[in-house]
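What follows is each chain in one-letter form.
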Amino acid sequence: MTSPHLSASALPVQWAGELLHLLPERAIWWPGGRVLFIADLHIGKAATYRALGQPVPGGTTQQNLARLDALIAAHAPQRVVFLGDFLHAAQARTPQVLAALAAWRATHRDIGMTLVRGNHDSRAGDPPAVLGIDVVDEPYLLGPFACCHHPQAHATHFVLAGHLHPVCRLHGPGRDSVRLPCFVSDDQQAVLPAFGEFTGGWLMERAPGRRFFAVGGEAVWARPTPD
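**Quick word on the overall build of the protein**
Secondary structure summary: the protein contains four helices and 16 strands in total. Of all intrachain contacts in the protein linking residues separated by at least 6 positions in sequence, the fraction that spans at least 24 positions is 64%.

**Re the state of the cysteines**
Applying the stated criterion across every chain yields a total of zero disulfides. Free cysteine: Cys168, not disulfide-bonded; nearest cysteine sulfur from Cys182 at 4.1 Å.

**Quick word on the pattern of salt bridges**
Overall, the coordinates contain four salt bridges when judged by the stated rule. The salt bridge involving Asp126 is made with Arg117; its shortest N-O contact spans 2.9 Å. What makes Asp126 partly exposed here is its relative accessible area of 30%. Residue Asp137 pairs with Arg117 through a salt bridge whose shortest N-O separation is 2.9 Å. On the criterion of sequence distance, the pair formed by Asp137 in the loop between strand S7 (134-136) and strand S8 (140-142) and Arg117 in the loop between strand S6 (112-116) and helix H4 (119-124) is long-range, its members being 20 residues apart. When its relative accessible area of 52% is taken as the criterion, Asp137 is described as exposed. Through salt bridges with shared partners, one network takes in Arg117, Asp126 and Asp137.

**Some remarks on the packing of aromatic side chains**
Centre-to-centre distance and the angle between the planes together describe a pair of aromatic rings. This structure, assessed with the given rule, holds seven aromatic pairs. Here the aromatic rings of Trp15 and Phe158 are separated by 5.6 Å at their centres, their planes lie at 20°, and the arrangement is stacked. A residue pair is termed long-range when its members are at least 10 positions apart, and Trp15 in strand S1 (residues 11-15) and Phe158 in strand S10 (residues 158-161) qualify at 143 residues. Considered together, Trp15 and Phe158 belong to a single accessibility category, that of buried residues. Ring plane angle 70° and centroid distance 6.2 Å describe the contact between Phe37 and Phe145, whose orientation is recorded as edge-to-face.

**Brief notes about the sheet that holds strand S2 (residues 18-23)**
Here seven strands make up an open sheet; going across it, the order is S1-S2-S3-S4-S5-S6-S7 and the pairing mixed. Each end of this open sheet is capped by a strand with a single partner; those strands are S1 and S7. Neighbouring strand axes in the sheet, compared pairwise and without regard to direction, differ in orientation by 25° on average. Taken together, the three bridges between strand S3 (residues 27-30) and strand S4 (residues 35-38) define a ladder with antiparallel strand orientation. Its bridge partner lying in S4, Ile28 is registered against Phe37. Against the sheet, helix H2 (residues 60-75) contacts S2, S3, S4 and strand S5 (79-82), and its axis sits at roughly 155° relative to S4.

**With respect to unusual backbone geometry**
Backbone torsion omega between Glu138 and Pro139 reads -5°, so that peptide bond is classified as cis. The topology assignment puts Pro139 in the loop between S7 and S8. The phi dihedral of Asp85 falls on the positive side, at around 60°, and the residue is not glycine. Inspection of the secondary structure assignment puts Asp85 in the loop between S5 and helix H3 (95-106). We classify Asp85 as buried; its relative accessible area is 2%. One non-glycine residue with positive phi stands out, namely Glu218, at about 60°. Residue placement: Glu218 occurs in the loop between strand S15 (211-216) and strand S16 (219-222).

What counts and how
- Residues numbered from 1 in each chain as written.
- Predicted model: local features only at pLDDT ≥ 70, side-chain atom pairs only at ≥ 80, totals over all residues.
- Heavy atoms only, no water.
- Helix = DSSP H or I, 4+ residues; strand = E, 2+ residues; numbered from the N terminus.
- Contact = heavy atoms within 4.5 Å.
- Disulfide = S-S within 2.5 Å.
- Salt bridge = Lys/Arg side-chain N within 4 Å of Asp/Glu carboxyl O.
- Buried < 20%, exposed > 50% of the residue type's maximum accessible area, 1.4 Å probe, protein only.
- Phe/Tyr/Trp six-rings, centres within 6.5 Å; stacked < 30°, edge-to-face > 60°.
- Pairing = 2+ DSSP bridges.
- Axes fitted to C-alpha atoms, helices over the stretch in contact; angles between N-to-C directions.

Set out below in structure tokens:
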């Protein structure tokens, strides 16, 4: 039977002795801790580019927040942990972006939220205090997990990180191929795909023991491990 908090398109994995669900929304749900993990939200990235004179479309902040709303409604988390890069840059702190964030947070006041500072957070600054988001440096230890922004080794905890915006390439018949966001796991570490829209991706290479979990078509699936 499918859990009420697990969509049929999510992929269950066992990391650090815990059941985690890799979600097609490019997030991780930890039912045992009732925690959602989100990496690389990059709120206000489009606004930052427009401030620099680049004619990029708007609306990505509202799209990101709407996707977060849907995840919260589906899983009823007690806490959301952002694995770095919550705001994209100082230019993202426009009145429109900050007002959208304040309105969004007001609808989820009963949910604890923690931001593990990433490299963009050091330039953008911490979220406004009115949002009630706890801000910490990496690693942030939560159960058996070391919540980080940058992938790294940890002596005692399994690392959940972001930063790389990982993607993988799938090859079809002929010479066609497609790049898809993916989760990537190594022995004691996993990297989440970027949650935010308009974020791009980095093609991660295969390595011994490394596994890829592709995201596409509203599903997550494990890619075959090569011999």
